[in-house]
Amino acid sequence: AQVLPLQDLWPSTVVSEELKPLHRFAYLKLQIWLLTQYEKLIWLDTEAILVRSIDWLFERQPMWGQRHDPSCQFKEQMEKDKVLSSSILLIAPSRETFHGLQRFADAGPDNWWENGAQVLIQGYFQHVKHPIRLLDGTDAADGSCLGRMPGVPYSSPGPWNMPAFVHRSSLRNECFDFDEERQKVMRHGKIINICHFHPLGSYWRGMFCDA
């Protein structure tokens, strides 16, 4: 693995003052467009797991991203209703795009800072470039939707619906966290680690310990 430095690049002073601390760090995500040594690049948030290979995504033309679907509907949506989750992105790095995103951010459309960089990214490509295409739920979904999404048709009963990319373990995201106190709950008079009952709990723990 190669660690690449971040640059101290922020939006205008007015916008920066509106950014929540968490969203300030999310804004740094825009610098992936400066990695022009790559023709294509797949961005993955750290609070996520790859269950199987997504190399096939490189065969597509950018941009692609995860569908923001917190209610786990997995229905076809009208173009105006499609919302991006930037937890996984297929992009084509470009300095022109990066500077365009900066200008778009400084203009402050849709008060994007209230919801973070994914609203900014989607707004820029929607209005300036071309709409971002969204991955199917079997390719990328939130952990809170596990077991609730349509599966791959198969003759044997079972949960044939694990996404390739799983973002966060739940709404609280307690299992993709090193703080074990957040994972402890009381059940039948005993304290248990709820993440031991998550289908990806041990898989995530093993990856975290290896790192």
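Just so you know, these numbers come straight off a predicted model, no measurement behind them. (Residues numbered from 1 in each chain as written. Predicted model: local features only at pLDDT ≥ 70, side-chain atom pairs only at ≥ 80, totals over all residues. Heavy atoms only, no water.)

Visitor: Which parts of the structure should I look at to understand a nonpolar patch on the surface?
Guide: There is a patch of nonpolar side chains on the surface, built from Val-51, Tyr-203 and Met-207 and spanning about 240 Å² of accessible area. Structurally, Val-51 can be placed in the loop between strand S2 (48–50) and strand S3 (64–67). Assessed through its relative accessible area of 32%, Val-51 is described here as partly exposed. (Patch = residues over 30% accessible without salt bridge, like charges linked within 9 Å, V, L, I, M, F, W, Y side chains within 5 Å. Areas by Shrake-Rupley, 256 points an atom, 1.4 Å probe, with all protein chains shown as cover. Salt bridge = Lys/Arg side-chain N within 4 Å of Asp/Glu carboxyl O. Helix = DSSP H or I, 4+ residues; strand = E, 2+ residues; numbered from the N terminus. Buried < 20%, exposed > 50% of the residue type's maximum accessible area, 1.4 Å probe, protein only.)

Visitor: Looking at this structure, how should I read the confidence of the model for the chain?
Guide: Any region with low pLDDT has predicted coordinates that should not be read closely. Averaged over the chain, the pLDDT score is 86; the fraction of residues at 70 or greater is 89%. Strand S1 (residues 41–44) holds the highest mean pLDDT among the elements of the chain, 96, whereas helix H1 (residues 13–18) holds the lowest, 62. (pLDDT = per-residue confidence, 0-100.)

Visitor: Where do I start with the sheet that holds strand S7 (residues 165–167) in this structure?
Guide: Spatial ordering of the open sheet is given by S2-S7-S6, a layout of three strands whose pairing is mixed. Sheet topology places S2 and strand S6 (140–142) at the edges, where each strand pairs with a single neighbour. Strand after strand, the sheet turns through a mean of 15 degrees between neighbouring axes, direction not considered. Bridging between S2 and S7 involves three bridges; their strand directions are antiparallel. (Pairing = 2+ DSSP bridges. Axes fitted to C-alpha atoms, helices over the stretch in contact; angles between N-to-C directions.)

Visitor: For this particular structure, what's the right way to read the state of the cysteines?
Guide: Two cysteines joined by a covalent bond between their sulfur atoms form a disulfide. Counted according to the given criterion, the structure contains two disulfides. What pairs with Cys-72 in a disulfide is Cys-145, and their sulfur atoms sit 2.0 Å apart. Its S-S torsion of approximately -85 degrees makes the covalent link between Cys-72 and Cys-145 left-handed. Separated by 73 residues along the polypeptide, Cys-72 in the loop between S3 and strand S4 (84–91) and Cys-145 in the loop between S6 and S7 bring together distant segments of the chain. For Cys-72, a relative accessible area of 8% gives the class buried. Each sulfur of the disulfide joining Cys-175 and Cys-195 lies 2.0 Å from the other. A torsion of -95 degrees about the S-S bond marks the disulfide between Cys-175 and Cys-195 as left-handed. Of this pair, Cys-175 sits in the loop between S7 and strand S8 (184–187) while Cys-195 is found in the loop between strand S9 (190–193) and helix H5 (201–210), placing the two residues 20 residues apart along the sequence. By relative accessible area, Cys-175 is classed as buried at 5%. (Disulfide = S-S within 2.5 Å.)

Visitor: Sorry, what's going on with the sheet that holds S3 here?
Guide: Backbone hydrogen bonds are what pair the strands of a sheet, in a parallel or an antiparallel way. Strand order in the open sheet formed by four strands is S1-S4-S3-S5, with mixed pairing between adjacent strands. Each having just a single partner strand, S1 and strand S5 (133–134) make up the two edges of the open sheet. Bridge count between S3 and S5: two bridges; the pairing is parallel. If you follow Trp-64 over to S5, its bridge partner there is Arg-133.

Visitor: Teacher, can you tell me more about the packing of helix H3 (residues 95–107) against helix H4 (residues 117–127) here?
Guide: Two numbers describe a pair of packed helices, the interaxial angle and the distance between the axes. Closest axis-to-axis distance for the H3/H4 pair is 10 Å, and the angle between their directions is 105 degrees. As judged from the angle between their axes, H3 and H4 are roughly perpendicular. Each of Glu-96, Thr-97, Gly-100, Leu-101, Phe-104 and Ala-105 in H3 lies in contact with H4, whose residues at this interface are Leu-120, Ile-121, Gly-123, Tyr-124, Phe-125 and His-127. Residues belonging to the contact of H3 with H4 are distributed by class as follows: seven nonpolar, four polar and one charged. (Parallel < 35°, antiparallel > 145°, perpendicular 65-115°, else oblique. Contact = heavy atoms within 4.5 Å. Nonpolar A, V, L, I, M, F, W, Y, C, P; charged D, E, K, R; others polar.)

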